[in-house]
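Secondary and tertiary structure notes
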Amino acid sequence: MSDSGTVRTRADRGIGTLEFFHPKKNSLPGPLLAGLAAEVRRLGRDPAVRVIVLRSAGDGPFCAGASFDELAAIQDEEAGKSFFMGFARLILAIKAAPKFVLARVQGKAVGGGVGLVSAADYALATTAAAIKLSELALGIGPFVVGPCVERKLGHGNFAALAADTGWRDAGWAYQRGLYAALFEDVTTLDEALDSLAGQLASSSPDAMARLKQVFWQGTEHWDQLLEERAAESGSLVLSAYARQAIAAVKSR
């Protein structure tokens, strides 16, 4: 699935590692989103896995967000909603997994990538891991990922990211709670991640599952909320403004 990217999973010492890759800056087309959601669900059911690590391949961007090729190809509201439901289903899979999901963020995260990091229960990053929510500049708005970002960063910081679509550096994200820890390079990031994942893999599965429920209290309505948000995005992506903005980005 070279055009759609790849999803690779491995399990070792109670740690389930889920790695995704796409040649266009680790962007997320529909099949890749579906593959990630399916693997999160599978690892969540695997009794041999006690903690899940979510990472992307390479030393460049963590995730460039939605696939612009797929955004440009959307022809009707049903197809638009279907595409954005890919993000919703991945977020809901992370939420439902009875295990902590740790995000390894080695580089920049944009749009849906910020939502993915926000959905993780704990995120570690390098100082290169700047973030931005670019959706409003595209005429869409961060509707599906918004609840995750707002839950992690607070309403004011989410509103700032959504309204001002420029970059925030990793220090900004760390100070506001998106990243739990920040490292100067990938080597020290991986050392810390391996240590934490190993510690959690030897912890009580029942205690972690119950604590995960505490983490996500107040999100019981998200199945309906995220579907409604996907419909909003699916409608807006068809506007003339969005069409022009997406085409301009694709032509760069």
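Quick summary incoming for the structure in this document. (Residues numbered from 1 in each chain as written. Predicted model: local features only at pLDDT ≥ 70, side-chain atom pairs only at ≥ 80, totals over all residues. Heavy atoms only, no water.)

**What about the side chain of Ser27?**
- Within the secondary structure layout, Ser27 lies in strand β3 (residues 27–28).
- Look at Ser27 and you get buried, because its relative accessible area is 5%.
- Within the local environment of Ser27, its side chain forms a polar contact with the side chain of His22, the two groups lying 3.3 Å apart.
- Once residues within four sequence positions are removed from consideration, Ser27 is found in contact with His22, Leu32, Ala64, Gly65, Ala66 and Ser67. (Helix = DSSP H or I, 4+ residues; strand = E, 2+ residues; numbered from the N terminus. Buried < 20%, exposed > 50% of the residue type's maximum accessible area, 1.4 Å probe, protein only. Polar contact = N/O pair within 3.5 Å; in protein donor to acceptor, adjacent residues only side chain to side chain. Contact = heavy atoms within 4.5 Å.)

**Some points on the sheet that holds strand β10 (residues 181–183)**
- If you trace the six strands from one edge of the open sheet to the other, you get β1-β2-β4-β6-β8-β10, paired in mixed fashion. Of all the strands in the sheet, the pair left with one neighbour each is β1 (6–12) and β10. Strand after strand, the sheet turns through a mean of 20° between neighbouring axes, direction not considered.
- Here strand β4 (residues 51–56) pairs with strand β6 (residues 100–105) via five bridges, running parallel. Pairing of Arg55 across the sheet is with Arg104, part of β6.
- Contacts from helix α8 (residues 186–201) reach β2 (15–21), β4, β6, β8 (122–126) and β10, with the element oriented near 175° to β6. (Pairing = 2+ DSSP bridges. Axes fitted to C-alpha atoms, helices over the stretch in contact; angles between N-to-C directions.)

**As for the packing of helix α3 (residues 77–96) against helix α4 (residues 112–119)**
- Where α3 contacts α4, the axes come no closer than 9 Å and their chain directions differ by 15°. The pairing of α3 with α4 is recorded here as roughly parallel in orientation. With respect to the hand of their crossing, α3 and α4 are arranged in right-handed fashion. Residues Phe87, Leu90, Ile91 and Ile94 of α3 form the contact with α4, whose participating residues are Gly112, Leu116 and Ala119.
- Residues belonging to the contact of α3 with α4 are distributed by class as follows: six nonpolar, one polar and no charged. (Parallel < 35°, antiparallel > 145°, perpendicular 65-115°, else oblique. Left-handed = near helix turned anticlockwise from the far one by under 90°. Nonpolar A, V, L, I, M, F, W, Y, C, P; charged D, E, K, R; others polar.)

**A closer look at a nonpolar patch on the surface**
- Where nonpolar side chains cluster on the molecular surface, the patch consists of Leu211, Val214 and Phe215 and spans about 230 Å² of accessible area.
- Its location among the elements puts Val214 in helix α9 (residues 205–215). (Patch = residues over 30% accessible without salt bridge, like charges linked within 9 Å, V, L, I, M, F, W, Y side chains within 5 Å. Areas by Shrake-Rupley, 256 points an atom, 1.4 Å probe, with all protein chains shown as cover. Salt bridge = Lys/Arg side-chain N within 4 Å of Asp/Glu carboxyl O.)

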